[in-house]
Amino acid sequence: MEGIILYSVLYIINICNAFVHASVCDIKYEFKENEEVKIADCKNKGLNFIPQDLPGDIEVLDMSFNLLRMIGNNSFVNYKYLQELFLRQNQLNYLSKNSFQGLHELTILDMSVNILNLSNVYSPELFHPIKNLTKLNIRRNMPQPIAFVTDYNYPDHAFGILTELSFLGIDMMPLPHFGSGFGQMTTLKELHFDSCYLIRLSNETFQRFSSSVEQLTLRHCRLHFVCTEYNALLPFPNLRVIDFFGTFMHLKHALQLLHQYRYKNITTINFGHVSDVSIDRVDIPYVLTITMDIMKNLKTICVENLDLSENGIVDYEPGSLFSFVHPKCLRHISFKGNRFLLFSEKNLKEIQYFFRKTVRLKSLDYSYNAVNYEMKNSDTSNSDLNCLSHSCVILPKSLEKIDFSYTIANMFPKITLIVPKNNSLIYVDVSYSKINLAILILQIRLETFISNGGDYSFAWNQFKRSPYNTLKTIVWKNADLDNAFRLYGHQFFNSIRSIESMDISENDIWYFPEDLLNPMQNLTYLYLSKNSFQTIPVQLSDHAKVKMLDVRKNRLTSVSSAIRGWADQMQELHGMTLHLTDNAFECNCDNIDFIRWIQTTKVELDSRSYKCKLSNGSVIDTLIAYNSLYDLFSNCKNTMWLTFASTLLSTFITISLLLFAYNRRWKIIFSFYGVIRRIVERKVRKCYQYDVYISYEGDIVIWIKNVLIPKLETEWGLTMCIKDRDFLSGPSQADNEAESIKSSRSIIFLITPEFLSSRDCMFELDRAKYERITKNLERIIIITKDITITDIPVEFSYIWNYAFIVQWPKIPEDFDDTWRNLRMLLTDGIIA
């Protein structure tokens, strides 16, 4: 019996182990070329072995990002239907000669980013079982060699069996020798080199390869200057893609390699950053002027994508850089990171002709160019939009993308770039650029506009001319938008109503004018980081499509209940992400609900633990505060009692009004109410000397005497502290102010034009903030008189989240409502 029990236990354990092993990888299905493919996804599982208990009919096995060190014999014999095997980014350093036994249907093998040494890992038998491979990627395996002068023989005896390869990715050694076996790859189309340590590209380097190669990538060979020989690319007469980006051979030498492709069609020539400041010799100086001789090969080629970025180009001769025989072939061209004037007076006619002929051009990248010298002055006018004058250039209608970001270019005379009507332009980036160049878009069809840094006016004026546009994304960082909001108020965004994504970070914005975001009802992603917001604008709660809100690195002390409720609603509707890191959150009695919400909301936050300041000034985080609510905020019971008392009073008032309506015994009712109110006040409120302290400056004292005092003291029965009337003689002005504010229940800042220059009032503001934090001051009220809200001193932005603003009306008909609102604030809505 015991044996049966033991056997049963062992059987159950074995079943559990099998279940655990089987669950290590995710088995899923995907459609590839309209066929369902069974995939074992074992990525990033910490495995140091090949699982043997996966379904036998899997067609794709992905073992990338694990801890494999070797592949033993027959490791994959259980998976004979496998077509794709990914072993990328493990620690492989050994392959057995029968590692791939049984994988007769395998077509794709990726062993990149490992430590497989070409000189000793690849045996003659290794690839026999998988000789039908069409794609082999073993790049980024070889370490940097110690000796750069030793010839390196590639193991062609191993690779020669792979006659079906169309793609080969492999590392490039300093002095490579590819044997005759590589010539047997007669179907090879793509040849890519990585971990490149090449020092010489000779006429013999590629001579063993088949002429079938159409795409050659030789990137980032930058440890040494790569010497090139004239006929190095002769074995590849059918190249359609030549990508040498970041391989230091100098642009002049790179362009010489193109001589055999004269008058041929090539899809891509990428010679970006083939020159470098480390290459600076008399015969090949880094500072380069493009000449007709340098361009003699390239100008004849019908090329679609051309990259000449980061090559130290400082100028070009007439008849050189833009003298293409077939300009209509160009689709994409990049001059990024050079130092030459793209548009200049001496070559303007050539440029005009070039853009007139590039009828298929889709993108132009002239970013990161810095040219800070003056051309010869000219009196030529640029006002003729038809370009009858020679001072403007009409860009092709086919152009979809322009990037002039991070460019400084002073040119004289000023040239106007005109984007004509019926254009295809959907993307413009002019971030941090300073160009003496006017851009006029005659018909706005943009979807993305990026204009970081400098002034907002260029973008704003473009869109104001065409308010019915299709703009979806705008990035306006560090663009002085705080001043724009002051100038134009809620009308600023009227011309970009179709916006879905807006980034207005780094603009020192501290408030949103009322209804500012109303035009943008499709707003989905909003980035407001690195501004000066004290509160998240409540007007966002009117937007039902927002999925992402970024308010990092502002001055938020909390997130209001209205915004929290709105964010929760957005999460339920379509998901919501909210970024709040690096704000000035406070962990105090007023923020208990916010602290709880951080831990309980389903909204995707960038953290569940934000730094916050306690009332004593020490800093903790919101997670600690949440876990210690009782210990940290036990003194908040008075606040809780105040809430309860307010509810009790509200309920009593409702009942009293009903009794008054039916019984009209108002004297008894309000006598009883007076008793309750006095009980509550003794419980929840300290004994104040004044109800209201008034902060003011200048001649407004006459208005206080004739208007404010009769209303507050005579009619409402409140006690006021007015420094011109109530300050004691003897103590200093500052001491009087500090003690009076401390002894007051509320403070009113009466902001007038004279107030703006008063240092004394700033002291009163600091004291008010202190007394508010220490709970002595119940409320802060700001009354603006004869100025607009936007003119309130910026120092008041620090109290927006708990201050009340009253804008004094100019029309007498509005006085009654204003008095009523002020009375509600000062008396909690009731007068005994």
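Residues numbered from 1 in each chain as written. Predicted model: local features only at pLDDT ≥ 70, side-chain atom pairs only at ≥ 80, totals over all residues. Heavy atoms only, no water.

### Considering the state of the cysteines
Scanning all chains against the criterion turns up four disulfides. Residue pairing for cysteine 196: its cysteine sulfur links by disulfide to cysteine 221, the two sulfurs lying 1.8 Å apart. Torsion about the S-S bond of the cysteine 196 and cysteine 221 cystine: about 95 degrees, corresponding to right-handed handedness. Of this pair, cysteine 196 sits in strand E12 (residues 190-196) while cysteine 221 is found in the loop between strand E14 (215-218) and strand E15 (227-228), placing the two residues 25 residues apart along the sequence. Two residues, cysteine 587 and cysteine 612, share a disulfide whose sulfurs are 1.9 Å apart. Its torsion about the S-S bond being -90 degrees, the disulfide of cysteine 587 and cysteine 612 is classed as left-handed. (Disulfide = S-S within 2.5 Å. Helix = DSSP H or I, 4+ residues; strand = E, 2+ residues; numbered from the N terminus.)

### Points about the nonpolar core
Nonpolar side chains tend to gather and get buried jointly when the protein is soluble and globular. Core analysis: the largest hydrophobic core is formed by 186 residues, its most contacted members being Leu109, Tyr122, Phe159, Phe271 and Trp476. Element by element, the count of residues in this core is highest for helix H8 (residues 592-600), at five residues. In this structure phenylalanine 271 touches Ile242, Phe244, Leu251, Ala254, Leu255, Leu258, Asp307, Leu308, Ser309 and Asn311, once residues within four positions along its chain are discounted. One finds Val692, Tyr696, Trp703 and Ile709 within the second-largest nonpolar core, a separate group that totals 23 residues. (Core = buried A, V, L, I, M, F, W, Y, C linked by side-chain atoms within 4.5 Å. Buried < 20%, exposed > 50% of the residue type's maximum accessible area, 1.4 Å probe, protein only. Contact = heavy atoms within 4.5 Å.)

### Some details on the confidence of the model for the protein chain
Residues shown with low pLDDT carry predicted positions that ought not to be read at fine detail. Counting all residues, the mean pLDDT for the protein chain is 85, and 86% of those residues have values of 70 or more. Here residues 1-22 scores under 50 on pLDDT; set against residues more than four positions off or in separate chains, the count is three contacts. Predicted confidence for residues 375-385 stays below pLDDT 50, and this span has 25 contacts to residues more than four positions away or in other chains. (pLDDT = per-residue confidence, 0-100.)

### Observations concerning the sheet that holds strand E45 (residues 803-807)
Strands in a sheet are paired, the pairing made by backbone hydrogen bonds, and the direction either parallel or antiparallel. Sheet architecture is open: five strands sit in the order E42-E41-E43-E44-E45, paired in parallel fashion. The sheet is open, and its two borders are formed by strand E42 (720-721) and E45, each paired with just one other strand. Of the strand pairs in this sheet, strand E41 (residues 690-695) and E42 are connected by two bridges, and their pairing is parallel. Residue pairing in the sheet places valine 692 in a bridge with methionine 720 of E42. On the sheet, helix H17 (residues 815-827) packs against E41, strand E43 (744-751), strand E44 (779-784) and E45 and is oriented at approximately 160 degrees with respect to E44. (Pairing = 2+ DSSP bridges. Axes fitted to C-alpha atoms, helices over the stretch in contact; angles between N-to-C directions.)

### Some remarks on the packing of aromatic side chains
Geometrically, a pair of aromatic rings is defined through the distance of the ring centres and the angle of the planes. The final tally for this structure, using the stated rule, is 47 aromatic pairs. Aromatic ring contacts, followed pair by pair, group Tyr122, Phe127, Tyr152, Tyr154, Phe159, Phe178, Phe182, Phe193, Phe206, Phe209 and Phe236 into a single cluster. Across from the ring centre of tyrosine 427, 4.9 Å away, lies the NZ or CZ of lysine 401, which sits over that ring. (Phe/Tyr/Trp six-rings, centres within 6.5 Å; stacked < 30°, edge-to-face > 60°. Lys NZ or Arg CZ within 6 Å of the ring centre and 35° of its normal.)

### A word on unusual backbone geometry
Of note, the phi angle at aspartate 582 is positive, near 65 degrees, even though the residue is not glycine. Structurally, aspartate 582 can be placed in the loop between strand E36 (577-579) and strand E37 (585-586). In this structure aspartate 582 comes out as partly exposed when scored by relative accessible area, which is 48%. The residue aspartate 786 is not glycine, and still its phi comes out positive at about 70 degrees. Note that aspartate 786 resides in the loop between E44 and E45.

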